[in-house]
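Residue-level structure breakdown
Listed below are the residues making up each chain.
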Amino acid sequence: MKAIRVAQYGPVEGLSFEELASPVPGQGEVLIEVAGSGVNPVDWKVLSGAMKAFIPLQLPYTPGVEVAGRVAAVGENVSGLAVGDEVFGFINIVGGYATEVVASAERLAHRPNRLTALQASGVPAVALTAWQALHEHARIKAGQRVLIHGAAGGVGSMAVQMARMAGATVIATASAYNHDYLQALGAAQVIDYNQAPFEPVVDRVDVVLDLVGGDTQVRSWSVLKPGGVLVSPVSPPDASLAEAAGACGKHFATRSDGAQLQHIASLFESGELVIEVQVLPLSQAEDALRQSKERHIRGKLVLDASR
Ligand SMILES: NC(=O)c1ccc[n+]([C@@H]2O[C@H](COP(=O)([O-])OP(=O)(O)OC[C@H]3O[C@@H](n4cnc5c(N)ncnc54)[C@H](OP(=O)(O)O)[C@@H]3O)[C@@H](O)[C@H]2O)c1
C-alpha cells in the first residue's frame with residue numbers, strides 16, 4: 001500500500017509518498033481499501049506541531065482523519081461489517097492519507113448509495129462536528145435564529161443544512177462568491193464579512209456557531225440574545241465575555257461515532273443533506289494541505305487514492 005508520510009513537524013512541505021506494508025486489522029477493526037480521504041484543517045494543524053503537547057505522535061506518521069472505501073478484511077469480534085461493504089468514517093486523528101487503512105469498526109458507517117466514495121470521504125469529520133455542535137452543545141430548537149461563521153467551508157456547509165432542517169433561521173457569513181451556494185443550502189441571510197462588520201446587520205440570535213475564531217468569535221457576543229449559546233470547535237470562548245453577555249460559551253472536540261454517522265448517512269441517502277467536493281490526487285496531498293491552509297475551500301477538498 002502507499003501512504004503520505006510526515007517525517008517532521010513544520011510547514012506543509014517535504015511530505016513523501018511511500019510504499020509501506022499493508023496493515024492488519026486487530027480486535028474490533030477492519031482493513032479498508034481506501035477510495036478517498038478527506039482533507040481537514042486539523043491535518044495541517046497537527047503537521048505544524050502546534051498540537052503535539054496533547055496529541056503526541058510517533059514520527060514519521062500519515063496525516064488524515066477520515067476515509068471512504070471498501071472493507072477488505074475483518075478482524076476478530078467485529079459484527080455488522082463484512083468484506084466488500086462500502087464504508088466511511090472518522091477513523092482517528094491521523095492515518096487517512098493512504099491507499100489502505102485499519103479502523104475501529106465502531107467508528108464506521110455504511111456509505112450512502114447516493115454518494116460516490118469520493119464524496120463520502122469528505123463527510124465524516126465535518127458532518128459529525130456540525131451535528132454535535134448544533135444538537136449536543138447548542139441544543140438547537142425550531143424557531144431559533146442561528147449565526148454560522150465560516151458557513152461555506154466543510155463544517156459550515158453541513159451546519160447550514162442541519163440548522164435549516166431543525167427548523168432554525170440561518171444567518172451565514174461568507175465571501176460574496178459563496179452567497180448563492182449558501183442560499184441554495186438554506187441560509188436565509190448571507191453576510192459578506194469582507195465588506196463590512198456583521199454586527200449592525202444581524203438581528204439578535206439564539207445560537208452562534210463559530211468556525212473562524214479570533215476576533216470573529218469575540219465580536220459575536222454582541223449579537224447573541226441573553227441566554228444564548230456560542231459554540232466553537234475552534235477555540236474556547238472567553239468566560240468573562242460570556243458572563244457579560246448573559247450567554248453561555250462552549251468549546252468541544254469532535255467525537256468519532258459510527259452510530260451517529262449512520263444516522264447522518266440516512267440524511268444523505270434521502271437527499272436532505274448534500275456535499276460539494278473538490279478532488280485532488282492523493283499524490284498531491286501537499287498541494288491539498290496548502291489550499292486548505294488558505295481557508296477558502298468551498299465544501300470539502302478530498303484526495304483520490306487511485307491517483
Ligand atoms: N475541535 C474540533 O474537534 C474541530 C472539528 C472540526 C473543525 N474544527 C475547526 O473548525 C474550523 C472550521 O473547519 P472547516 O473544516 O469547516 O474549515 P474550512 O473548510 O477550511 O473552512 C473554509 C471556509 O472558511 C471561510 N472563512 C475563512 N475566513 C472567514 C471569516 N473571517 N469569516 C467567515 N468565513 C470565513 C471560507 O469562506 P469564504 O471562502 O467564503 O471566505 C471558507 O469557505 C477549523 O478551524 C477547524 O480546525 C475543529
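What you see is a predicted model, and the numbers here were worked out from it, not measured in a lab.

1. Concerning the overall build of the chain
When you go through the chain residue by residue, the secondary structure sums to 9 helices and 15 strands. For 307 residues, the compact-globule estimate of 2.2 N^0.38 gives 19 Å, and the C-alpha radius of gyration of the chain, at 19 Å, lies within 12% of that figure. By its C-alpha atoms, the chain is 55 × 40 × 35 Å across when sized along the principal axes. Classification of the 307 residues of the chain by burial places 48% in the buried group. In the chain, 65% of the contacts between residues at least 6 apart in sequence involve partners at least 24 apart.

2. Considering the domain arrangement of the chain
Along its sequence, the chain is organised into domain 1 (2-123 + 275-304) and domain 2 (126-251). With centres defined by C-alpha atoms, the gap from domain 1 to domain 2 works out at 28 Å. The partner domain 2 presents 9 residues to the 8 residues of domain 1 that form the contact.

3. Some points on helix 3 (residues 124-137)
For helix 3, which comprises 14 residues, the first-to-last C-alpha distance of 18 Å matches the rise-based estimate of 20 Å (1.5 Å per residue) to within 8%. Burial runs high along helix 3: 10 of the 14 residues are buried. Considered for burial, the residues of helix 3 that qualify are Pro124, Ala125, Val126, Ala127, Leu128, Thr129, Ala130, Trp131, Ala133 and Leu134. At the exit of helix 3 stands Arg139, carrying a positive phi of roughly 50°.

4. Re the site of the ligand
Taken together, the neighbourhood of the ligand is formed by 30 residues, with Ala152, Gly153, Gly154, Val155 and Ser175 sitting nearest. Residue composition of the shell around the ligand, grouped by class: 14 nonpolar, 14 polar and 2 charged. The residues that make up the shell around the ligand include at least three from each of domain 1 (2-123 + 275-304) and domain 2 (126-251).

Criteria and cut-off values
Residues numbered from 1 in each chain as written. Predicted model: local features only at pLDDT ≥ 70, side-chain atom pairs only at ≥ 80, totals over all residues. Helix = DSSP H or I, 4+ residues; strand = E, 2+ residues; numbered from the N terminus. Rg over C-alpha atoms; globule rule 2.2 N^0.38 Å. Buried ≥ 20, exposed ≤ 12 C-beta atoms within 10 Å, placed from the backbone. Contact = placed C-beta atoms within 7 Å. Domains from an automatic or database assignment. Expected span 1.5 Å × (residues − 1). Near = placed C-beta within 6 Å. Nonpolar A, V, L, I, M, F, W, Y, C, P; charged D, E, K, R; others polar.

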